[in-house]
Structure formats: structure tokens, C-alpha cells
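Results of the structural survey
What follows is the residue order along each chain.
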Amino acid sequence: MKFKLRVKGDLHIGGLMLKLVEKIKAEQDWSDHALWWEQRKCWLLKTHWTLDKYGVQADADLRYTPQHKPLLLQLPNMKTIRMTVCFSSMVFKAVDEICRVLNIRRSEELSLLKPPYDSSKRKKKKDKNLPQEDIWDIWDSLNVGQGGTGPIYNKTMTATYDPENGMPMSATSLWFGENPLAESQPNLPPTELGKMYHPLSLVDKATNIAGWLDSSRSLMEQDIQDDDKLLLRFKYNVFFDLNPKYDAVRITQLYEQARWSILLEEIDCTDEEMLMFASLQYHICKLTMSSEPLDNSSEPEIDEVEAALSNLEVILEAGHADRILEDITDIPELADTLRLFKPKKLTLRSYKDYWFVFKDTTISYFKNKEASSGEPIEQLHLRGCEVVPDVNVTDKKFGIKLLLPVADGMNEVYIRCDNETQYAKWKAACILASKGKTMAYSSYKTEVKNIQSFLQMKSLAPPPDQAAPDLDAMEMNAECFVSPRYGKKYKTKQLTARILEAHHNIAKLSLMEAKMRFIQAWQSLPEFGINYYIVRFKGSKKDEILGISYNRMIRIDMSSGLPVTTWRFANMKQWNVNWEIRQVTIEFDQNVTIAFCCVSCDCKVVHEFIGGYIFLSTRSKDQNETLDEELFLKLTGGQE
């Protein structure tokens, strides 16, 4: 239906819409309609602005169209739902609206991703005639109108926080028990999983995530049409304030995203870790399929005193009162014989024994214990360093890889411990020191316990008194729980036996605890949270890979896949984008400046990742979940 209207330039947009409705002569609710200017790819939403102010000329082709349109959304659990989404508000707001309907807190951690190019081309024809059974219909069980419209997001369905102490004020865990999004999906048969699996190089990984939508522009402005398919994913890998009592949906969807990244090998892990993830998946499947109803109220309550104490510690840190705890206590020290290796080009990895002393946030090492009264061979300052586990529990290998910040990147140091206890103590101290804390902090003992329980979970050797596992006890195909490539390494019986042996260590975990353990184990993988982009550095003649994580950027050689240099956000002074030549320039401490152009995606995607991570680091519990949208746009929007 087309209409030609003769109007003056001083007519405001609201008046133009009124004239149009009068001409259409159809009685209906036009409140959701707005004008879309096709040539300029923009919405004319400011109804008080005149046509002249918008620059609309006589040749303009305007579409009068609904702002809310249907969209196919693939959730992190790989299920696709049809949902009505606002196509006129910027993606940041649209995602917030989607998360409110689905009841996922902290919407700023998620965003929308276009499916990888090749698969979207293949599926484009199918999407138009998508069979109904491929769409997951959850709206009846969510008591929400079809497609997510209707009485969305009651205030009682989300945790609100007391601004004084940052603690949740109203429990809504019972509501979550009814939500299908809080239930994990059954694992796919190996044949179906095999069809989805494609080995991924770093270049493939860079291509797959090139399609993140621009958060500061609307869906229509980015050529998204009705019933297009987009992926809803956790984009920023910093999950703030995960609370089992309020976050059943968020934790389950996070677990699902982690599970699929392991099964499709989007993130690398060792054979030992793959079996640990498989045993956790088996345990979660078993509990989900059991006839017992999901009861989140059985989850351990967060002790109010403990929460208040940890909150006090957060407040002390925020106030930079780093020395308060240390002034009133003796700071514990660690001293022991450990082995050290510092990699150099063309050298074999040979460890030497030294006497190590860990004091404050510094490690000093000496030739032996007797020499410790004199000057150390070297001091390692750990504040701002990266702590990476180098562990194989089965082979009794307990190593810590330290990436120490220097002017032009990072220096690598490998430390090898003798046993689990020694490793847990030293690694916990390193983690705290990297954040500028000492072992006097109350969180040190908790960190040691967490590391020990994680090592126990990774242990695949059954206890001496444990009988051989009954292979018939697993009523599911063991190959469902591992990646197709890994599944080919073992016969089904061998795989079943190994998963059941590993399962013994986690058999007592509740459903929510098991999901949380899975997420924590996923977060501890060395590659976790790194997004890869193909870039061309200024002055270089070849393309390279740039990895961006929540706290650092890594320059990676494309042919070898090995890191060349690492720069930390903590040392970043400023960054800017030259929008004309699409070049990102970043300035770090000690006069280090880098500049690059993006090859695999628009530079806006990389710019938004850097700004997004800096924005997320400003969050605190006392904000009562209100987002500083203005700050987000300032850091991520750019001046295009």
C-alpha cells in the first residue's frame, strides 16, 4: 500500500503520521508504528522534529511500519524461540527487553550475534519455511503472551538489592522452578552432534564471532528483517554476582553455552578436563531426568554474616584501604623448595630446584634455604600478573604458569610444585597477589579450598576402596558427553568406565552446584573468554590474530598460533578510533602505542569489546541493578 503526500518542510513527524493514518482510513491501534527512512537507514522517532530538521526531501521513501517485529532467537541452549522484539531501539536496550522477558539478570553481559556467514547463506531458504517443531514454544509455561509480548517482567520476578548492604531483598526462587529456561537440555546423540561439529582454526573462530551487532544502533539499521535468525549469547565473559537463589535461568543458560563450547571444541581443553566436563554433564543429566521436581530452595542459603563480611571487604577494597587488614595482622608467608623454568628461544624445558619465599605480593627465589638470608637471585612482582594452571592430576603434574607484565608485553615463568597441597597454597597466593592482595585476606583460605576441591574433581583415579564401576549403570550413551573428536579416541565401554570413575568425585553435588562447578571449571581453562579477530598491525605486511579478553589483549602469530605480546587493560592510558581509515590506536604505560585495522570484522566490534569490558569493571552491588546506559554508550559508541 503506497501513498503520496504533499507536505511542507515545517511539518513535524507527528503531524505527518496523523495525515498518513487519516489517508489509510483503517481503524486499528497505530501506537507501535513509526516512520522508517529506507535510503538513510534510520528511524524518524522524534515526532516533534520537522521534516526539514531531519533533512527529508521530496524524493524520500518513508515506510510506516511497526517498531516491534518477530525475530527468531537461538538461545545459548541451542533452542530457537520466536519472539517479538523492538526493532527501533538500540540493540543494548532490545537485549535488555529480551532478558527481562526471559528473566535473565545482568543483560549487559549478553548481546546478539549474526550466525556465521556460510551457514546463514545455506539456511536462508529453509528459514522462510521453518517447520513449527523447530521453534521452541515456551510462552504458555512462562505465562507470557505469544512471542514475548503481554504482561512481561513483573518486578517480583527479579532480585532487587538493598543499596545499603548489597544483599538480595526478596526471594523469588520458587518462581524459577516453573521456568523451562531453568532446565538444562538433554545431550544430543553422537550422530547429531557429529553433524554440528567442525574443527576450528583460530581464523575460523575469528570469522564466527565477527557478526556481533553494534549495541548503539537498532536492528533495522543493521539490516535485520522480520523473522531473521540471531544468536543470543553471553558476550562479555565476566559474570557478575551469580546467585543460585535468583539466577536459575542465567546459570542454566550460562552452563548451556559453556557445555556447547566444550562439545564443539570452540575452546581447547585437555583429555583430563574433557572427562571432568563429561562426568559433570552426566551428573546434571541424571539429576534433571530424575522424577524429583526442581527445588532451588534446597540450595545452600548464603549466610548473611558471611555475605556482610565479604561485602565489607569489597567496600574496603573500593576505598583503596589495602593496608587496613594488614596493619592489624601478621601477613602469612610461604617458603618451600619449588622448581623453576624460564623459557628462552630454542631451549628444552628443564626445571631447576630453588628455595622460594612468598611475601606480600612478591616471590623471591634463592639458590637454597641457607642463602635465603642474603640477596635473592630474582624477585617476581605479581601485582597485575596472569596466573595460568599447568596441571595434570593423573600424571601428578602441578605447575603454575605466571605471565608477568613488562613494558612491551609479558614475561613467562613456570613454577612446578610437588603435590596438591603445596600447589593449592601457592596458586591461591599468586591469584590474590595478582589482584594486589596478600595472604592476610580472609579469601585466601577459601581460595585454597576451592583449588583443592577442583583438583579432586579433576582426579580420574578411583579411590582404593572403590569397586569397579558398573557400566550398565549409565543408561545414556557416553559419547553424548564428549566432543566427536575425543569420542573417536576410545571405545564406548572405555569411555563409559572413565566417566563413571570421574563421576564418583562429584556424585554428591546438587543440580545447581554441579552447574556452577561446570561454569567455574570452564572459566579456569587457559583459553576462556578470549575472542579472536584478524587484524593488520600498523607497519606490518601480514595479517595477525588479536585475542581480546576481559583484562588483556594478545597479539598472536597466525601461522603458529603462539602469543607474541600481551598488553593489559590495567596499563592502558587511552584508546581511540580513526573512523575514516577504520584504525584503532591504543596507548599504554611506558610510552607503548599500538595501532591496527580490523580485517575479519568492522573496527567498531573491537572498539565495543574494549569499552564494554571497561564498563563492566565499574559495576558494584550497591547499584541496585540499574545500568549507567550513558556511560556504556560513551565507552562503546564511538564518535562515528
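Residues take numbers from 1 onward in each chain, read along the sequence in its written order. A pLDDT threshold of at least 70 governs which residues receive local features in this predicted model, and a stricter bar of 80 or more applies before side-chain atom pairs are shown or counted, although totals over entire chains, interfaces and linings include all residues. Excluded from the side-chain calculation are hydrogens and water; included are all heavy atoms of the structure.

1. Section: the overall build of the chain
Helix and strand labels come from DSSP, where a helix needs a run of H or I of at least four residues and a strand needs a run of E of at least two; each type is numbered from the N terminus. In terms of regular secondary structure, the chain is built from 18 helices and 21 strands. Burial here depends on accessible area, computed with a 1.4 Å probe over protein chains only, as a share of the maximum for the residue type. Under 20% is buried, over 50% is exposed, and the range in between is partly exposed. The burial tally for the chain puts 49% of its 640 residues in the buried class. Of the contacts made within the chain by residues no fewer than 6 positions apart, 64% connect residues no fewer than 24 positions apart. Under the convention used here, a 1.4 Å probe and the Shrake-Rupley method define accessible areas, while residue burial counts only the protein chains that appear. Counting only carbon and sulfur atoms, one obtains 50% of the accessible surface of the chain, whose full area is about 32,600 Å². Two residues form a contact once any of their heavy atoms are found within 4.5 Å.

2. Some points on the packing of helix H17 (residues 603–616) against helix H18 (residues 629–636)
For helices, the fitted axis covers only the stretch in contact; all axes are lines through C-alpha atoms, and the angles between them, taken along N-to-C directions, range from 0 to 180 degrees. Contact geometry for H17 and H18: axes closest at 8 Å, N-to-C directions at 140°. On the basis of the axis angle, H17 is oblique to H18. Once H17 is placed against H18, the crossing between them reads as right-handed. Of the residues in H18, those touching H17 at Lys604, His607, Glu608, Gly611, Gly612, Ile614 and Phe615 are Leu631, Phe632, Leu635 and Thr636. Here roughly perpendicular refers to angles of 65 to 115 degrees, roughly parallel to angles under 35, roughly antiparallel to angles over 145, and oblique to all remaining angles. Here a crossing is taken to be left-handed if its near helix is turned anticlockwise relative to the far helix by less than a right angle, and right-handed if that turn runs clockwise.

3. Let's talk about the nonpolar core
With 71 residues, the main nonpolar core has Leu73, Leu112, Leu219, Leu232 and Trp522 as its most contacted residues. Top contributing element to this core by residue count: helix H9 (residues 271–289), with nine residues. When sequence neighbours within four positions are dropped, the list of residues in contact with Trp522 reads Asn237, Phe239, Leu254, Ala258, Ser261, Ile262, Ile267, Phe277 and Phe528. Judged by nonpolar contacts, the second largest core, of 38 residues, contains Leu113, Ala210, Trp575 and Ile586. In plain words, nonpolar cores are sets of buried Ala, Val, Leu, Ile, Met, Phe, Trp, Tyr and Cys residues tied together by side-chain atoms within 4.5 Å.

4. Quick word on the sheet that holds strand E4 (residues 68–74)
Here a strand pair is declared whenever DSSP counts at least two bridges between the two strands. What the four strands build is an open sheet, ordered E5-E4-E7-E6; its pairing is mixed. What marks the edges here is a single partner per strand, and that holds for strand E5 (80–86) and strand E6 (110–113). Mean inter-strand twist for the sheet, computed between neighbouring axes without regard to direction, equals 40°.

5. A short note on H9
Between its first and last C-alpha, H9 extends 27 Å over 19 residues, near the 27 Å set by a 1.5 Å rise per residue. Among the 19 residues of H9, 14 are classified as buried, and the element is accordingly described as predominantly covered. For a helix, the expected span equals 1.5 Å multiplied by the residue count minus one.

6. Looking at a nonpolar patch on the surface
Two distance rules govern patches: like charges are joined within 9 Å, and nonpolar side chains (Val, Leu, Ile, Met, Phe, Trp, Tyr) within 5 Å, applied only to residues with over 30% relative accessible area and no salt bridge. A carboxyl oxygen of Asp or Glu within 4 Å of a side-chain nitrogen of Lys or Arg is what we treat as a salt bridge. Residues Met1, Phe3, Leu5 and Val7 make up a contiguous nonpolar surface patch of roughly 380 Å² in combined accessible area. As for its placement among the helices and strands, Val7 is situated in the segment before helix H1 (13–24). Take Val7: its relative accessible area is 32%, and that puts it in the partly exposed class.

7. Quick look at the sheet that holds strand E20 (residues 583–588)
Sheet strands line up and pair through hydrogen bonds in the backbone, either parallel or antiparallel. Pairing is antiparallel across the open sheet formed by seven strands, whose spatial order is E18-E17-E16-E15-E21-E20-E19. The two strands at the open ends of the sheet, each matched to only one other strand, are strand E18 (563–568) and strand E19 (572–578). Ignoring strand direction, the axes of neighbouring strands in this sheet form an average angle of 30°. The sheet strands contacting H17 are strand E15 (531–537), strand E16 (544–548), strand E17 (552–556), E19, E20 and strand E21 (592–598), and the helix crosses E19 at an angle near 150°.

8. Looking at the pattern of salt bridges
Summed over all chains, the structure comprises 29 salt bridges. Among the salt bridges present, the one from Arg105 reaches Asp247, with a minimum N-O distance of 2.7 Å. With Arg105 in the loop between helix H3 (91–102) and E6 and Asp247 in the loop between strand E7 (229–234) and helix H8 (248–263), this pair connects stretches of sequence that are 142 residues apart. Judged on exposure class, the residue Arg105 and its partner Asp247 are both buried. Residue Asp241 is joined to Arg106 by a salt bridge in which the shortest nitrogen-to-oxygen separation is 3.8 Å. Of this pair, Asp241 sits in the loop between E7 and H8 while Arg106 sits in the loop between H3 and E6, and the two are 135 residues apart along the sequence. With a relative accessible area of 14%, Asp241 lands in the buried category. Classification of Arg106 as buried rests on a relative accessible area of 7%. Taken together, the shared-partner salt bridges in this structure form one network comprising Arg105, Arg106, Glu108, Glu109, Asp241, Asp247, Arg250 and Arg619.

9. As for the environment of Glu109
Within the element layout of this structure, Glu109 appears in the loop between H3 and E6. The spacing of Glu109 and Tyr613 is 504 residues in sequence and 9.5 Å in space, taken between C-alpha atoms. If sequence neighbours within four positions are ignored, Glu109 has contacts with Arg233, Phe234, Lys235, Tyr236, Val238, Phe239, Phe240, Arg250 and Arg619. Of note is the side chain of Glu109, whose polar atom sits 2.8 Å from the backbone nitrogen of Phe240. Under the rule applied, a polar contact is a pair of N or O atoms within 3.5 Å (in protein, one hydrogen donor and one hydrogen acceptor; residues adjacent in sequence only if both atoms are side-chain atoms).

10. Some thoughts on helix H16 (residues 511–523)
Compared with the 18 Å implied by 1.5 Å per residue over 13 residues, the 19 Å span of H16 between its first and last C-alpha is a close match. Every buried residue of H16 is listed here: Leu511, Met512, Ala514, Lys515, Met516, Phe518, Ile519, Ala521 and Trp522. Elements that come into contact with the buried residues of H16 comprise H8, H9 and helix H13 (443–458).

11. A look at unusual backbone geometry
The backbone of Asp227 sits at a positive phi, close to 60°, despite the residue not being glycine. With respect to the helices, strands and loops of the structure, Asp227 is situated in the loop between helix H7 (202–208) and E7. Of note in the backbone geometry, Asp241 takes a positive phi value of approximately 55° without being a glycine.

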